[in-house]
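Architecture and fold: a report
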Amino acid sequence: EYYYFLIYWCMDLLLYIRSLLLFNNSNENDDNKSLVTYDYLHLLSLNFADLLSGFLVLITSYRMKPEKKPEKEIDAKKNMNQNSSIELIYNDFKKKDNRYILILILSIIELFARSSNLLFNLINDYKNKQLNYYNSEWIISLDIISRIIFSKIILKTRLYKHHLLSVLIFLFASLIMVILGITSIINENLIINILFLVPRNIIFGIGDIISKILLTYKFVLPQNLLFTKGVFNFGMHLIIFPILCLTNEFKKEIFSNYFDSGVSIIFVILKIFFFFIRGFCIMKIIDRFSPLHVAFVNVVLCLYQYILFMIFDEKNKKVIYIFIINLICLIIIIFSTLLFNEIIIINAFGLNKYTKKNILIRAKKDNDSENSDSDSRNNSMLSDGIFDKEENLEN
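Residues numbered from 1 in each chain as written. Predicted model: local features only at pLDDT ≥ 70, side-chain atom pairs only at ≥ 80, totals over all residues. Heavy atoms only, no water.

1. What about the overall build of the chain?
In terms of helices and strands, the chain carries 17 helices and zero strands. Burial statistics for the chain: of 395 residues in total, 39% are counted as buried. Put simply, of all contacts in the chain between residues at least 6 apart along the chain, 87% involve residues at least 24 apart. For the chain, the computed accessible surface area is about 24,200 Å², with 65% contributed by carbon and sulfur atoms. (Helix = DSSP H or I, 4+ residues; strand = E, 2+ residues; numbered from the N terminus. Buried < 20%, exposed > 50% of the residue type's maximum accessible area, 1.4 Å probe, protein only. Contact = heavy atoms within 4.5 Å. Areas by Shrake-Rupley, 256 points an atom, 1.4 Å probe, with all protein chains shown as cover.)

2. Structural notes on a nonpolar patch on the surface
On the surface, Val-319, Ile-320, Tyr-321, Ile-324, Ile-325 and Ile-328 cluster together into a nonpolar patch covering about 550 Å² of accessible area. Inspection of the secondary structure puts Tyr-321 in helix α16 (residues 320–340). (Patch = residues over 30% accessible without salt bridge, like charges linked within 9 Å, V, L, I, M, F, W, Y side chains within 5 Å. Salt bridge = Lys/Arg side-chain N within 4 Å of Asp/Glu carboxyl O.)

3. Details of the packing of aromatic side chains
Within this structure, the stated rule accounts for 11 aromatic pairs. Relative to Phe-274, the ring of Phe-273 has its centre 6.3 Å away and its plane inclined at 50°; by these criteria the two rings are tilted. Classification of Phe-273 as partly exposed rests on a relative accessible area of 38%. By way of ring pairs, the aromatic residues Tyr-2, Phe-5, Trp-9, Phe-289 and Phe-296 are connected into one cluster. (Phe/Tyr/Trp six-rings, centres within 6.5 Å; stacked < 30°, edge-to-face > 60°.)

4. So, unusual backbone geometry
Not every positive phi belongs to a glycine, and Lys-156 is a case in point at roughly 55°. Within the secondary structure, Lys-156 is located in the loop between α9 (140–153) and α10 (161–187). Despite not being glycine, Phe-219 shows a phi value in the positive range, around 60°. The topology assignment puts Phe-219 in the loop between α11 (191–217) and α12 (222–246). For Phe-219, a relative accessible area of 68% gives the class exposed.

5. Comments concerning the pattern of salt bridges
The tally for this structure, following the rule as stated, stands at six salt bridges. One salt bridge connects Asp-50 with Arg-114, and the closest N-O pair in it is separated by 3.5 Å. Taken together, the residues span a long stretch of sequence, with Asp-50 in helix α2 (residues 32–51) and Arg-114 in helix α6 (residues 99–114) at a distance of 64 residues. Judged by its relative accessible area of 5%, Asp-50 is buried. Between Asp-143 and Arg-147 there is a salt bridge whose closest N-O contact spans 3.0 Å. Taken together, the positions of Asp-143 and Arg-147, both in helix α9 and four residues apart, correspond to about one turn of that helix. One salt-bridge network, in which partners are shared between bridges, spans Asp-50, Glu-110, Arg-114 and Lys-229.

6. Here we look at the nonpolar core
In terms of nonpolar packing, the biggest core is built from 70 residues, with Trp-9, Ile-144, Leu-214, Leu-225, Val-299 and Leu-330 touching the most fellow members. What Trp-9 contacts, discounting residues up to four positions off in sequence, is Phe-296, Val-297, Val-300, Leu-301 and Tyr-304. In this structure, Tyr-40, Leu-44, Leu-244 and Phe-250 belong to the second largest nonpolar core, which totals seven residues. (Core = buried A, V, L, I, M, F, W, Y, C linked by side-chain atoms within 4.5 Å.)

7. Points about α10
A rise of 1.5 Å per residue sets the reference length of α10, with its 27 residues, at 39 Å; its end C-alpha atoms lie 39 Å apart and thus fit the reference within 8%. Among all positions of α10, only His-162, His-163, Ser-166, Val-167, Phe-170, Ala-173, Ser-174, Met-177, Gly-181, Ser-184 and Ile-185 are buried. (Expected span 1.5 Å × (residues − 1).)

8. Side note on helix α3 (residues 54–63)
The complete set of buried residues in α3 reads Gly-54, Val-57 and Thr-60. Buried positions in α3, seen along its axis, are confined to an arc of 120° and lie on one side of it. Along α3, the residues that are exposed and aim more than 90 degrees away from the buried face are Phe-55, Leu-58, Tyr-62 and Arg-63. (Arc of directions from axis to C-beta.)

9. So, the environment of Leu-330
Following the sequence through the fold, Leu-330 ends up in helix α16. Take Leu-330: its relative accessible area is 0%, and that puts it in the buried class. When sequence neighbours within four positions are dropped, the list of residues in contact with Leu-330 reads Ile-140, Met-177, Val-299, Cys-302, Leu-303 and Tyr-306.

10. Looking at the environment of Asp-39
With respect to the element layout, Asp-39 can be found in helix α2. Distance in space between the C-alpha atoms of Asp-39 and Ser-116 is 9.3 Å, their sequence separation being 77 residues.

11. Considering the packing of α6 against α12
Two elements in contact, α6 and α12, have axes separated by 9 Å at closest approach and are oriented at 60°. Taken together, the axis directions place α6 and α12 in an arrangement best described as oblique. The interaxial crossing formed by α6 with α12 has right-handed handedness. Residues Tyr-100, Ile-103, Leu-104, Leu-106, Ser-107, Ile-108, Glu-110, Leu-111 and Arg-114 of α6 form the contact with α12, whose participating residues are Leu-225, Thr-228, Lys-229, Phe-232, Asn-233, Met-236, His-237 and Ile-240. When the residues that make up the contact of α6 with α12 are grouped by side-chain class, the tally is 10 nonpolar, four polar and three charged. (Axes fitted to C-alpha atoms, helices over the stretch in contact; angles between N-to-C directions. Parallel < 35°, antiparallel > 145°, perpendicular 65-115°, else oblique. Left-handed = near helix turned anticlockwise from the far one by under 90°. Nonpolar A, V, L, I, M, F, W, Y, C, P; charged D, E, K, R; others polar.)

12. Regarding the confidence of the model for the chain
Residues at a pLDDT of 70 or more form 76% of the chain, whose mean pLDDT is 80. In this model residues 87–96 is a low-confidence stretch, pLDDT under 50, and it forms zero contacts with partners more than four residues away in sequence or in other chains. (pLDDT = per-residue confidence, 0-100.)

13. Overview of the side chain of Arg-147
Arg-147 gets classed as buried once you look at its relative accessible area, which sits at 2%. Aside from chain neighbours lying at most four places away, what touches Arg-147 is Phe-204, Gly-205, Asp-208, Ile-209, Pro-291, Leu-292, Val-294, Ala-295 and Asn-298.

14. With respect to the packing of α9 against α10
Here α9 crosses α10 at 150°, and the two axes come no closer than 10 Å. When the axes of α9 and α10 are compared, the pair comes out roughly antiparallel. Remark: the crossing between α9 and α10 carries left-handed chirality. Counted together, Ser-141, Ile-144, Ile-145 and Ile-148 of α9 and Val-167, Phe-170, Leu-171, Ser-174 and Val-178 of α10 form the full contact between these two elements. Here the residues of the contact of α9 with α10 are counted per class, giving seven nonpolar, two polar and no charged.

Listed below in structure tokens is the structure:
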């Protein structure tokens, strides 16, 4: 199941390299309308990727479709139910189920988080400097800490000694990154941009917690969650798109250039497909593991995106020691997430006592000891019975 991690990273790597190449080849004189248009096309691509999971929904529903039984068996069961005096009592849990309300809430907050760049470019009338990974890599710490807090509050996740150690390690490394990042943002006057990015990372953490509730406690399949969320978001786009068109916030020539050739259309289709694979892998990771494992996935993304950005970015070469410090801090944060998620276990100082692996080992030992005690009792009772029987025969 760890293959979902690798597939997600591969899909994101392909998408990120292409976005870096487009970023370096883009025109520096792009106005806000151009940026708004690109951001909205990105939102539409994400929405179509969610809707693409409808194929998996159809396949799943076809496989789960019950086999048709002969009419004689059906009539026989009906007659048995009619003749039976037993009245079946059941609860219709579907009437009490609020899964669609939760999916609607998830769709709204996720659309809001995805639209952070779009909202920033809509509100600012002038062309403001855009944030890059050199200025914003420290925000990953907010994503991780929000997942820990909301998992504790909502999912009632227990924190043991190894969890607390990993949090301390994470706080140490993230504090250094936050100091360097905020200093850079103040020097480059990018405080307004941060006001849009900080809520985005916190909201994504809350969204993954809601997804975990739906997948684990509401028994929603990952593909069904993606598709239903895509349907809700598509309905919202039917309202947002006409508003943006009527307010003249789009550049129509960018829309036409987006589909001006067969090669461009193929790239758009591939982009949507990669988004779909990436979103499905995240749903499977949340389903099979936890939202905290998504934090590990995100910090690894942040690491290689940061490295690639510094390699490809020829316009803004930064001080090498800051790059090295951030790189070391990201590696330390990755180690802390591995320790928190028990992918790495330290077998010392009692840090492994309350890991899931050792809890299962202790439970197995207790069961084995109970079984051995019961077997010994049964053997003693059996031997006593045989002894009494032999004594009676002798008498």
